[in-house]
2 protein chains.
Amino acid sequence: MSEPGDAPPSDPSPGARVGGPQQRQARALATRSAILAAAAEEFAAASYHEASLSRILERSKVTKGALYFHFVSKESIASAIVDEMEELCRDLVVRARSKGGDPLRVAAQVAREVQDALAGPVLRAGQRLCSEGFAGPQRPGWPFTFWQEVFGGLFADAQRAGLLAPGVDHVPLARAIVDISAGAFVTSLGVSGLRDLAMRVCQNWELLLGATADPDWLRDWRAGGGMGAVLGPHLTGGWVVEA
Amino acid sequence: MSEPGDAPPSDPSPGARVGGPQQRQARALATRSAILAAAAEEFAAASYHEASLSRILERSKVTKGALYFHFVSKESIASAIVDEMEELCRDLVVRARSKGGDPLRVAAQVAREVQDALAGPVLRAGQRLCSEGFAGPQRPGWPFTFWQEVFGGLFADAQRAGLLAPGVDHVPLARAIVDISAGAFVTSLGVSGLRDLAMRVCQNWELLLGATADPDWLRDWRAGGGMGAVLGPHLTGGWVVEA
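Each residue is numbered by its place in its chain's sequence as written, counting from 1. Chains and ligands are labelled sequentially in the order written, the chains with letters from A and the ligands with numbers from 1. This being a predicted model, a pLDDT of at least 70 is required before a residue's local features are given, and a value of 80 or more before pairs of side-chain atoms are given or counted; all residues contribute to the totals for chains, interfaces and linings. Side-chain metrics rest on all non-hydrogen atoms present in the structure, leaving aside hydrogens and water.

If you check an unreviewed UniProt entry, chain A appears there as HTH tetR-type domain-containing protein from uncultured Actinomycetospora sp.

Engineer: What's the story with the overall build of chain A in this structure? I'm lost.
Structural biologist: Numbering of helices and strands starts at the N terminus; helices are DSSP runs of H or I of at least 4 residues and strands are runs of E of at least 2. Each helix and strand counted, chain A has eleven helices and zero strands in total. Secondary structure elements of chain A, listed N to C terminal, follow the sequence α-α-α-α-α-α-α-α-α-α-α. Should any heavy atoms of two residues lie within 4.5 Å, those residues are counted as being in contact. Counting contacts in chain A only where the partners sit at least 6 residues apart, residues at least 24 apart contribute 66% of the total. For the area figures, the Shrake-Rupley method with a 1.4 Å probe applies, and any residue is considered shielded solely by the protein chains shown. Just so you have it, chain A exposes about 10300 Å², and 55% of that area is on carbon and sulfur atoms.

Engineer: Would you mind going over the packing of helix α6 (residues 121-131) of chain A against helix α8 (residues 170-192) of chain A with me for this structure?
Structural biologist: In a packed pair of helices, the relevant descriptors are the angle between the two axes and the axis-to-axis distance. Residues and elements named next belong to chain A. Inter-axis angles, ranging from 0 to 180 degrees, are taken between N-to-C directions of lines fitted to C-alpha atoms, where helices are fitted over the stretch in contact. Between α6 and α8, the shortest axis-to-axis distance is 11 Å and the interhelical angle comes to 100°. Considered as vectors, α6 and α8 are oriented roughly perpendicular to each other. Note on element contacts: α8 touches α6 through Phe185, Val186 and Leu189, opposite Arg124, Gln127, Arg128 and Ser131. Gly is placed with the polar residues, together with every amino acid not listed as nonpolar (Ala, Val, Leu, Ile, Met, Phe, Trp, Tyr, Cys and Pro) or charged (Asp, Glu, Lys and Arg). Residue classes in the contact of α6 with α8 are distributed as three nonpolar, two polar and two charged. Should an angle fall under 35 degrees it is taken as roughly parallel, and over 145 as roughly antiparallel, whereas 65 to 115 is taken as roughly perpendicular and any remaining angle as oblique.

Engineer: Teacher, can you tell me more about the UniProt feature "DNA-binding region" (unreviewed entry) in chain A here?
Structural biologist: UniProt records the feature "DNA-binding region" (unreviewed entry) at residues 52-71 of chain A, using the numbering of this structure. The straight-line gap between the two end C-alpha atoms of residues 52-71 of chain A is 14 Å; of that span, 75% is helix and 0% is strand. UniProt positions are given in the numbering used here, feature names are shortened, and annotations may be inferred rather than shown by experiment.

Engineer: Whenever I open this one, the environment of Lys99 of chain A confuses me. Can you help?
Structural biologist: Residue and element names in this part refer to chain A. Mapped onto the elements, Lys99 comes out in the loop between α4 (74-98) and α5 (103-117). A C-alpha to C-alpha distance of 8.4 Å links Lys99 and Gln109, two positions ten residues apart in sequence. Residues contacting Lys99, with those up to four places away along its chain left out, are Gln109 and Glu113. As used in this structure description, the phrase polar contact means that two N or O atoms lie within 3.5 Å; if the pair is within protein, one of them must be able to donate a hydrogen and the other to accept it, and residues adjacent in sequence are counted only when both atoms belong to side chains. There is a polar contact of 2.7 Å between the side chain of Lys99 and the side chain of Glu113.

Engineer: Just to check I follow, could you spell out the side chain of Ser131 of chain A for this structure?
Structural biologist: Structurally, the position occupied by Ser131 of chain A is in helix α6. If sequence neighbours within four positions are ignored, Ser131 of chain A has contacts with Val186 of chain A together with Ser131, Glu132 and Val186 of chain B.

Engineer: Can you walk me through the interface of chain B and chain A in this structure?
Structural biologist: Where interface size is quoted, it is often the accessible area lost as the parts come together. On the side of chain A, 33 residues touch chain B, which itself brings 33 residues to the contact. Buried area is a sum: the accessible area each of two parts loses on coming together, probed at 1.4 Å, counted once for each and added. At the boundary of chain B with chain A, total buried surface from both sides reaches about 2700 Å², with 64% on carbon and sulfur atoms. The largest per-residue losses of area from chain B upon contact with chain A belong to His49, Asp179 and Leu207 of chain B, which jointly make up 21% of the total buried on that side. For this analysis, a salt bridge means a side-chain nitrogen from Lys or Arg found within 4 Å of a carboxyl oxygen belonging to Asp or Glu. The interface formed by chain B and chain A holds two salt bridges in total.

Engineer: When you look at the pattern of salt bridges in this model, what are you seeing that I'm missing?
Structural biologist: When their charged atoms lie close together, side chains carrying opposite charge are able to pair. Taken as a whole and judged by the stated rule, the model has 32 salt bridges over all chains. Among the ionic pairs, Glu113 of chain B bridges to Lys99 of chain B, the shortest N-O distance being 2.8 Å. You can see Glu113 of chain B sitting in helix α5 (residues 103-117) and its partner Lys99 of chain B sitting in the loop between α4 (74-98) and α5, a full 14 residues away along the chain. A relative accessible area of 2% places Glu113 of chain B in the buried class. Taking relative accessible area as the criterion, Lys99 of chain B reaches 53% and is therefore assigned exposed. Among the charged side chains, a network of salt bridges with common partners joins Asp83, Glu86, Arg90 and Arg139 of chain A. Accessibility here uses a 1.4 Å probe with only protein chains present; expressed as a share of the type maximum, an area under 20% marks a residue as buried, one over 50% as exposed, and anything in between as partly exposed.

Engineer: Where do I start with the environment of Ile56 of chain B in this structure?
Structural biologist: Within the element layout of this structure, Ile56 of chain B appears in helix α2 (residues 53-60). Ignoring sequence-local partners within four residues, the contact set of Ile56 of chain B consists of Ile35, Ala38, Ala39, Glu42, Phe43 and Leu67 of chain B.

Engineer: Even after reading the chapter, I still don't get the relation of the copies chain B and chain A, so can you show me in this structure?
Structural biologist: In summary, the two copies of the chain are related to each other by a rotation about an axis coupled with a shift along it. Least-squares fitting of one copy onto the other uses the C-alpha atoms of those residues that reach a pLDDT of at least 70 in both copies. Once turned by 180° and shifted 0.0 Å along the axis, chain B lies on chain A with an RMSD of 0.0 Å. Seen this way, the second copy is the image of the first under a two-fold rotation axis. When the interface residues of chain B are mapped onto chain A, 100% of them again fall at the interface, so both copies present the same face.

Engineer: Would you mind showing me how to read helix α1 (residues 21-45) of chain B here?
Structural biologist: Counting along an α-helix, one turn takes 3.6 residues, and residues three or four places apart therefore face a common direction. Residues and elements named next belong to chain B. With 25 residues, α1 extends 36 Å from end C-alpha to end C-alpha; this agrees with the ideal 36 Å at 1.5 Å per step. The complete set of buried residues in α1 reads Gln25, Ala28, Thr31, Ile35, Leu36, Ala38, Ala39, Ala40, Glu42, Phe43 and Ala44. Tucked inside the fold, the buried residues of α1 contact α2, α3 (64-70), α4 and α6 (121-131). Each helix should span, by expectation, one fewer than its residue count multiplied by 1.5 Å.

Engineer: Whenever I open this one, unusual backbone geometry confuses me. Can you help?
Structural biologist: The general pattern is negative phi for most residues beyond glycine and trans for most peptide bonds. Of note, the amide linkage connecting Trp142 of chain A to Pro143 of chain A takes the cis form, showing an omega dihedral of -5°. Counting through the fold element by element, Pro143 of chain A comes out in the loop between α6 and α7 (144-160). Phi at Lys61 of chain A takes a positive value of approximately 55°, unusual for a residue other than glycine. The backbone of Leu194 of chain B sits at a positive phi, close to 80°, despite the residue not being glycine. With a relative accessible area of 4%, Leu194 of chain B lands in the buried category.

The following block contains the structure:
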């Protein structure tokens, strides 16, 4: 709808018909961003069912007409939020890899980057929408298949590099990390509105890495502070927005 | 609405006004059961959002009037399904305990009873509804708080009985089991429509017990076939209803 060079002809935003095509397009993009920012806050704070279009309108300060110009339904807004979440997850994996370190350290850094990203509403909203079945048919199994690929690759590399204890298979380990991470989110959301999530993530990683990493690697990692050092400020709380 | 001795005065089921109060009440209960059985199938196969009241009506062969006599909304039907799930979960814990064995074996048996119960639609529907935020305000944190209590108690007993390896704390272990179990359900639902759930549960328990149980206990447990023996027929598949 707001393709580059294709100014929406009927955008009912205030002033939409004033200015040249480029200005109109910039305004349309700004309107769309305002709606998505408001929607991310709304879907992070409430289930899809409880989330309300009128609260999204209020938060975004956009007219109903402008909202329906950009999105045909609540479901299409949810789908756009999961689009944003997808981009954010791909970016954070690239960022974790760019920081260097062996594959197990990169895996732990991915978990840290996820906690960083949860400070904003997009990942909280997207993860919640996915748990509620709104990943959309264009993304089967999202984000679980994605995380299985990411951690599957990292733990395979770790096994090749001799960083896993003898007898440990990287395939069930990657699945366990995906399961325990998805479950920590759902459980923490249910029992504490995400307040205990970082603590859960820390203890879960300590438990799983403690059980599966090579003893020499583990000694070195623990000397550096282990998962607590990786998660750092998240363990002292602070970012969680009240639901 | 269908309290004992209090025949619904306006139950519009066929023949509702025929017969004495006891017969009318029996018919009302049968109608309610038929609606809940159909709703469990529907909510197990679709998200709350996708689930349709007209398909529930079709499946239950109940009139729209009868449905609205018993339930005011789709949400109230979902809440009744979670009521049934709650009863089922409490029963299966009692059943697992009644089979005897040490606390770690009872914990593993609880996981087996959960797999048994997933053959019916009530637990699949209830678990899905809870992940989607429909546990209801009368059950804060359900079912996660319940499972934390159950596994928290069992692993505390296991630690007291010397069944955990030195240095293992039962509290994070119980949380990890709750997280990984909730996550296995959500992830398996997302990636395989629950077809790989029993395999995930088996590998997750092997990994976590392998990391935390006392070595002597573990040797004995593995000699008996470990988690594979506990889960038995579930690992060869068969019960999963297509979503």
